[in-house]
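Structural description and commentary
Listed here are the chains, written in short residue letters.
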Amino acid sequence: MADLDDVREGKDFGLDQPVEVKAFPVRGSVSLDWGMQDRLARIFQPKSGHTVMLAFDHGYFQGPATGLERLDLTIRPLVPYTDVLMCTRGGLRQTMPADSRKPVVLRCSGGMSVLTELSRELVAVDIEDAIRLNASAITTNVYVGAEYEHQSLANLVKLIDTGNRYGIPTMAVTGVGKDMARDARYFGLATRICAELGAHIVKSYYIDNGFEKVVAGCPVPIVIAGGKKLPERDALEMAWRAIDQGAAGVDMGRNIFQSDCPVAMISAVRAVVHDGESVDKAYEIYKAGKAKAA
Ligand code: R5P
């Protein structure tokens, strides 16, 4: 039976204060449902509004690539330093601790390999399994202009519609086929298509000319992939430029886990993405971290 003793009538309704309506700070997300906003707020950090995702999903089409031979040895030590784990369900279940409290952006496509046509993907995770894994977002690649463009866009639409049903945001990854131009026109087209189809986050590549226009033309947050391994200072400079031109963060893999000191590198990336540090300062952070680890 409910305890009805000492039920006190409410007295303080703050009648002298208007009810505060706070705008949700993630671009393009102000009208989303509470659960969707809650998941996005786990991904984008409240102080900076940015995110550092650690991408280690490459095995889903590349197998045990350099730096990902043993996720338990190479990636697990980086977990405390990242905001988000971006990975496959296999990599997550088999090697990641479930008590890290890091949100997961779950790779939900697959079905091809480096030996076949990359754009020929299928949705490879059921939404029920994404929920079971407590995914904060789900993700698939789109290959605009590629042989299987239509199929990859259909996969994105399917993820968005099923994710929407359960309040789970979708990140679209703009995959680039071998023959495609990596320029502002291409990424402007690809990122905008993803956002118009309903993606909540779009992952793109940084480009030297016109990246700010790509960001401006995309009504949801853009995070950049790191791409192939660069010297650490160059990778930090790329991250700095991307943030300076409006990116909401990075979803970086090889430039972190293939670094000669991954912990130092991800710490330096965080300094750029979250603290607005200069490239010189971030590179100092990397070198100091590396010296400490030696
Ligand atoms: C590519 O399809 C995967 O999503 C990768 O996780 C992504 O490209 C980011 O990794 P990287 O920084 O190594 O390019």
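Everything here concerns the structure above.
So, here's what we can say about the structure. Since the model is a prediction, treat every value here as computed from it, not as a measurement.

Concerning the overall build of the protein
- Within the protein, the regular secondary structure consists of twelve helices and ten strands.
- Seen through its principal axes, the protein has C-alpha atoms that stretch 70 × 50 × 40 Å.
- Taking contacts inside the protein between residues at least 6 apart in sequence as the whole, the part at least 24 apart equals 66%.
- Counting only carbon and sulfur atoms, one obtains 51% of the accessible surface of the protein, whose full area is about 15100 Å².
- Within the protein, the 37 negative side-chain charges are centred at a point lying 4 Å from the centre of the 34 positive side-chain charges.

Looking at helix 11 (residues 262–275)
- A rise of 1.5 Å per residue sets the reference length of helix 11, with its 14 residues, at 20 Å; its end C-alpha atoms lie 19 Å apart and thus fit the reference within 8%.
- Taken residue by residue, helix 11 has Ala-264, Met-265, Ile-266, Ala-268, Val-269, Ala-271, Val-272, Val-273 and His-274 as its buried positions.
- Where helix 11 is buried, its residues meet strand 1 (51–55), helix 9 (232–244), strand 10 (249–252), helix 10 (254–257) and helix 12 (279–293).
- Gly-276 lies just past helix 11 and shows a positive phi near 65°.

Digging into the site of the ligand
- With respect to spatial proximity, 15 residues lie near the ligand, and among them Asp-57, His-58, Gly-227, Gly-253 and Arg-254 are the closest.
- Between the ligand and Gly-226 there is a distance of 2.9 Å, counted from an oxygen atom to a backbone nitrogen or oxygen.
- Within the backbone of Gly-253, an N or O atom sits 2.8 Å from an oxygen atom of the ligand.
- Calculation on the ligand without its partners gives an accessible area of 360 Å², and the protein chains cover 96% of this total.
- Secondary structure elements with two or more residues in the shell around the ligand: strand 8 (201–205) and strand 10.
- Class assignment for the residues of the shell around the ligand results in five nonpolar, five polar and five charged.

Here's the deal with helix 7 (residues 184–197)
- Look at helix 7: 20 Å from first C-alpha to last across 14 residues, which is about the 20 Å you get at 1.5 Å a residue.
- All buried positions along helix 7 are accounted for by Tyr-186, Phe-187, Ala-190, Thr-191, Cys-194 and Ala-195. Angularly, the buried residues of helix 7 cover 150° about the axis, an arc narrow enough to put them on a single face. For helix 7, the exposed residues set more than 90 degrees away from the buried face come down to Arg-185 and Glu-196.
- For helix 7, the elements touching its buried residues are strand 6 (137–142), helix 6 (149–166), strand 7 (170–174), strand 8, helix 8 (211–216) and strand 9 (222–225).

Overview of the packing of aromatic side chains
- This model, assessed by the stated rule, comprises five aromatic pairs.
- Geometrically, the ring pair formed by Tyr-60 and Phe-61 is edge-to-face, given 5.0 Å between the ring centres and 70° between the ring planes. Neither residue differs from the other here; Tyr-60 and Phe-61 are each classed as buried.
- Judged by centre distance (5.7 Å) and plane angle (25°), the rings of Tyr-283 and Tyr-286 are stacked. In this pair, Tyr-283 and Tyr-286 are both assigned in helix 12, three residues apart and thus about one turn of the helix distant.
- A residue is classified by how much of its surface remains accessible, and Tyr-283, at 24% relative accessible area, is partly exposed.

Quick look at the pattern of salt bridges
- Tallied over the entire structure, the rule returns 18 salt bridges.
- For Asp-129, the salt bridge goes to Arg-93, with nearest N and O atoms at 2.7 Å. Taken together, the positions of Asp-129 in helix 5 (residues 127–132) and Arg-93 in helix 4 (residues 89–95) put the pair 36 residues apart, joining distant regions of the chain.
- By relative accessible area, which is 42% here, Arg-93 ends up partly exposed.
- Ionic pairing is found between Glu-196 and Arg-192, a salt bridge with its closest N-O pair at 2.6 Å. In this pair, Glu-196 and Arg-192 are both assigned in helix 7, four residues apart and thus about one turn of the helix distant.
- Of the residues examined, Arg-192 reaches a relative accessible area of 39% and is grouped as partly exposed.

A short note on the pairing of strand 1
- Counting buried positions along strand 1 gives five out of five residues, so the element sits mostly inside the fold.
- By the alternation rule, side chains of strand 1 split into Thr-51, Met-53 and Ala-55 and Val-52 and Leu-54, which are all buried.
- Across three bridges, the pairing between strand 1 and strand 2 (residues 84–87) is parallel. Looking across to strand 2, one finds that Met-53 is bridged to Val-84.

Thoughts on unusual backbone geometry
- Notably, Arg-101 is not glycine yet its phi reads approximately 65°, a positive angle.
- Despite not being glycine, Asn-134 has its phi angle at roughly 60°, a positive value.
- Topologically, Asn-134 is positioned in the loop between helix 5 and strand 6.

Some points on the environment of Ala-195
- Within the element layout of this structure, Ala-195 appears in helix 7.
- Take Ala-195: its relative accessible area is 11%, and that puts it in the buried class.
- C-alpha of Ala-195 to C-alpha of Asp-38: the two residues are 157 residues apart in sequence and 19 Å apart in space.
- The contacts of Ala-195, once residues within four sequence positions are left out, are Val-202, Cys-218, Pro-219 and Val-220.

Quick notes on the rules
Residues numbered from 1 in each chain as written. Predicted model: local features only at pLDDT ≥ 70, side-chain atom pairs only at ≥ 80, totals over all residues. Heavy atoms only, no water. Helix = DSSP H or I, 4+ residues; strand = E, 2+ residues; numbered from the N terminus. Contact = heavy atoms within 4.5 Å. Areas by Shrake-Rupley, 256 points an atom, 1.4 Å probe, with all protein chains shown as cover. Lys, Arg positive; Asp, Glu negative; His and termini not counted. Charge placed at Lys NZ, Arg CZ, Asp CG, Glu CD. Expected span 1.5 Å × (residues − 1). Buried < 20%, exposed > 50% of the residue type's maximum accessible area, 1.4 Å probe, protein only. Near = heavy atom within 4 Å. Polar contact = N/O pair within 3.5 Å; in protein donor to acceptor, adjacent residues only side chain to side chain. Nonpolar A, V, L, I, M, F, W, Y, C, P; charged D, E, K, R; others polar. Arc of directions from axis to C-beta. Phe/Tyr/Trp six-rings, centres within 6.5 Å; stacked < 30°, edge-to-face > 60°. Salt bridge = Lys/Arg side-chain N within 4 Å of Asp/Glu carboxyl O. Pairing = 2+ DSSP bridges.

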